[in-house]
Amino acid sequence: MGLPSFTGPGPNPYWNGVNPFVSYPQKLPLLRMTDRGIQLETPRPYFLTPFTPNAAFYVRYHLDLIPNAVDLSTWRLNLEGNVERPLQLGFDELVKNFKAVSVAAVNQCSGNSRSRFQPRVSGAQWGNGGMGNARWTGVRLRELLASAGMKSGTVQLQFQGLDRGPGPEGKGADAVMKSLDLTDPALDDALVAYLMNDEPLPMLNGFPVRLVVPGKFGVYWIKHLTWIRALTKEDTNYWMATAYRIPDTPKGNTTPAEAASGTLKTVSIGHVRMPVRSFIVVPDGSSKLPSGLPVRVQGIAFSGDGSVVKVEFSEDDGRSWVEAALDADHGPHSFRIWEHTWRPSRAGTHVIAVRATDAKGNVQPDAPVWNPGGYLWNRVERQALIVGAAS
Ligand SMILES: Nc1nc2c(c(=O)[nH]1)N[C@H]1C(S)=C(S)[C@@H](COP(=O)(O)O)O[C@H]1N2
Ligand SMILES: [Mo]
């Protein structure tokens, strides 16, 4: 196909989706995939730093009636359902009466990189910019739960924000509600966050507070969080029982034939943590690299399953690997910058590649995943580059 490439030649030419830059309030120009609900991708160069600037942080909504202001004098965080003492906490109470805790954590959409799927699947065709890392500050979810007092019989906690809108017809889906098991260890790390990179959350990223669940996909990170409900039965609302399901198979992998058979057993994507990933940020292939000079290759790596312990670089399309250097460690849930000085042996086209290993020993595979939702992409990333005489 004759589409022009703006991120260089080669096997993965479009690092970001090919979409127009648009400016939304409190945001730098980002790449607009859809506008109802709003979905904006973060452009590649913003991944040169371990913390994604708030103004460049990606945006994803399912519904289109999103708040563009929240009055903090009347807003309350409600803890309700199967609790001893239902709570209605004002913003100041939340900030002043509970201990502030910070964590660096990656928020990644489950559909990040969905446009790579072969055969193609429906859903937003994300490039790689459906992710970001921030330092989140707020109150421990467990501390709030203790303050409300969980009654016995609570099986799940349901989270809901202020946005509304007609969801899929007839499914009772006009508010996004996501639930996690009360016993899920990920909840021990969860925060109700009111600061993002030490500033109030941008409206589009969930002002005044959002749930932060380090290690889990972004869909659980409910924005404009206003209701936390203790449930005595497993949540069967549309956003749990129908949407965001993955095959109950190793790595969530299946085939189109199995998916079409109607017999595929699925689980909620909350059952898994984000698989280990790494990315090449520079060089991006947009210009020819002068021959004879060393090339500084840099990118990010992260995993939902513990720290990244190793990043490897390949100069020959994944045939041989050398270890790259890791920069500062901002904690197990954060982006970690990696870098490598590459000395191309010859002029011509090269395909470089990167792969990461996490603390649990998970290594990025070179085989693509496939499932009908377009989730869990984490294959080895490549970049084609041309080395030649400067011109
Ligand atoms: N209230 C609310 N929270 C939400 C969503 C939503 O539609 N409404 N989308 C979720 C999904 S699918 C993702 S990937 C993340 C995206 O977070 P961001 O928009 O701050 O980047 O928000 C999550 N939280
Ligand atoms: Mo998402």
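Residues numbered from 1 in each chain as written. Chains lettered and ligands numbered in written order. Predicted model: local features only at pLDDT ≥ 70, side-chain atom pairs only at ≥ 80, totals over all residues. Heavy atoms only, no water.

Caption draft 1: Summary view of the side chain of D235. You can see D235 is positioned in the loop between β14 (227-231) and α3 (238-241). R229 provides the closest opposite charge to the buried, salt-bridge-free D235, at an N-O distance of 7.3 Å. For D235, the contacting residues outside a window of four places in its chain are Q156, Q158, S179 and M240. (Helix = DSSP H or I, 4+ residues; strand = E, 2+ residues; numbered from the N terminus. Buried < 20%, exposed > 50% of the residue type's maximum accessible area, 1.4 Å probe, protein only. Lys, Arg positive; Asp, Glu negative; His and termini not counted. Salt bridge = Lys/Arg side-chain N within 4 Å of Asp/Glu carboxyl O. Contact = heavy atoms within 4.5 Å.)

Caption draft 2: Fine view of the site of ligand 1. The local shell around ligand 1 holds 19 residues, among which Y58, H62, D163, R210 and K223 are the closest. Between ligand 1 and N205 there is a distance of 2.8 Å, counted from an oxygen atom to a side-chain nitrogen or oxygen. Judged by the fraction of its atoms near the pocket grid, ligand 1 is located in the largest cavity. The residue inventory of the shell around ligand 1, partitioned by class, reads 11 nonpolar, 4 polar and 4 charged. (Near = heavy atom within 4 Å. Polar contact = N/O pair within 3.5 Å; in protein donor to acceptor, adjacent residues only side chain to side chain. 1 Å grid on protein atoms, 1.4 Å probe; cavity = no way out; pocket = protein on both sides within 12 Å on 5 of 7 lines; lining within 4 Å. Sits in = over half its atoms within 2 Å of the grid points. Nonpolar A, V, L, I, M, F, W, Y, C, P; charged D, E, K, R; others polar.)

Caption draft 3: Summary view of the domain arrangement of the protein chain. What the domain assignment reports for the protein chain is domain 1 (21-269) and domain 2 (277-388). Taking the mean C-alpha position of each, domain 1 and domain 2 sit 27 Å from one another. Each partner contributes to the interface: domain 1 provides 43 residues, whereas domain 2 provides 29 residues. Here domain 1 packs against domain 2, burying approximately 3000 Å² in sum over the two surfaces, 63% of which is carbon and sulfur. (Domains from an automatic or database assignment. Buried area = accessible area lost by both parts, 1.4 Å probe.)

Caption draft 4: How the structure looks around empty space enclosed by the protein. Going through the model one piece at a time under the given rule, you end up with 3 cavities of 30 Å³ or more. Along the walls of the largest cavity sit 19 residues, with R60, H62, G218, W221 and K223 positioned nearest its centre. Of the residues assigned to the lining of the largest cavity, the class counts are 9 nonpolar, 6 polar and 4 charged. What the second largest cavity holds in volume is close to 40 Å³. Forming the boundary of the second largest cavity are F302, S303, G306, S307, V308, D329, G331, P332, S334 and R336. Of the residues belonging to the lining of the second largest cavity, the class tally is 3 nonpolar, 5 polar and 2 charged. (Points joined across faces, edges and corners; volume = space filled by probe spheres on them.)

Caption draft 5: Structural context of the confidence of the model for the protein chain. Across the protein chain, the average pLDDT comes to 95, with 96% of residues at or above 70. Scored below 50 in pLDDT, residues 3-10 shows 25 contacts in the model against residues more than four places distant or in partner chains. (pLDDT = per-residue confidence, 0-100.)

Caption draft 6: A look at unusual backbone geometry. The residue after R36, namely G37, is reached through a cis peptide bond having omega -15°. Inspection of the secondary structure assignment puts G37 in the loop between β2 (30-35) and β3 (38-41). With an omega of -5°, the peptide bond running from V282 to P283 counts as cis. Position of P283 among the secondary structure elements: in the loop between β17 (277-282) and β18 (289-290). The phi dihedral of S113 falls on the positive side, at around 70°, and the residue is not glycine. The topology assignment puts S113 in the loop between β7 (101-108) and β8 (131-140). Given the relative accessible area of 0%, S113 is considered buried.

Caption draft 7: Broad picture of the nonpolar core. Counting 77 residues, the largest nonpolar core has L77, L94, W136, L141 and V192 as its most contacted members. In terms of residue count, the dominant contributor to this core is strand β11 (residues 191-196) (5 residues). Among residues more than four places away in sequence, those in contact with L94 are W75, L77, L89, V139, L144, V192, Y194 and V209. Judged by nonpolar contacts, the second largest core, of 17 residues, contains L289, V297, V308 and V387. (Core = buried A, V, L, I, M, F, W, Y, C linked by side-chain atoms within 4.5 Å.)

Caption draft 8: Looking closely at the pairing of β3. The alternating pattern of β3 places I38 and L40 on one face and Q39 and E41 on the opposite face, and all of these are buried. Of the strand pairs in this sheet, β2 and β3 are connected by 4 bridges, and their pairing is antiparallel. Bridge pairing links D35 to I38 in β3. Connecting β2 to the next strand, β3, in antiparallel fashion are 2 residues. The pairing of β3 with strand β4 (residues 59-60) spans 2 bridges and is classified as antiparallel. (Pairing = 2+ DSSP bridges.)

Caption draft 9: How the structure looks around the side chain of Q108. Turning to its location among the elements, Q108 is positioned in strand β7. Of the polar contacts made by the side chain of Q108, one reaches the side chain of N112; its length is 3.1 Å.

Caption draft 10: A look at the environment of G90. Mapping G90 onto the fold places it in the loop between β6 (87-89) and α1 (91-97). By relative accessible area, which is 7% here, G90 ends up buried. Along the sequence, G90 and D317 sit 227 residues apart, while their C-alpha atoms lie 54 Å from each other. Leaving out residues up to four positions away in the same chain, G90 has contacts with W75 and R76.

Caption draft 11: Spotlight on the packing of aromatic side chains. Tallied over the full model, the rule gives 14 aromatic pairs. Look at F47 and F335: their rings are 6.0 Å apart centre to centre, the planes differ by 70°, and that puts the pair in the edge-to-face class. Within this pair, whereas F47 is found in the loop between β3 and β4, its partner F335 is found in the loop between β22 (325-326) and β23 (336-342), the two being separated by 288 residues in sequence. Each member of the pair, F47 as well as F335, is classed as buried. Seen in terms of ring centroids, F91 and Y194 are 6.1 Å apart; in terms of plane orientation they differ by 75°. Their pairing is edge-to-face. Of the two residues, F91 sits in helix α1 while Y194 sits in strand β11, which places them 103 residues apart along the sequence. By relative accessible area, F91 is classed as buried at 15%. (Phe/Tyr/Trp six-rings, centres within 6.5 Å; stacked < 30°, edge-to-face > 60°.)

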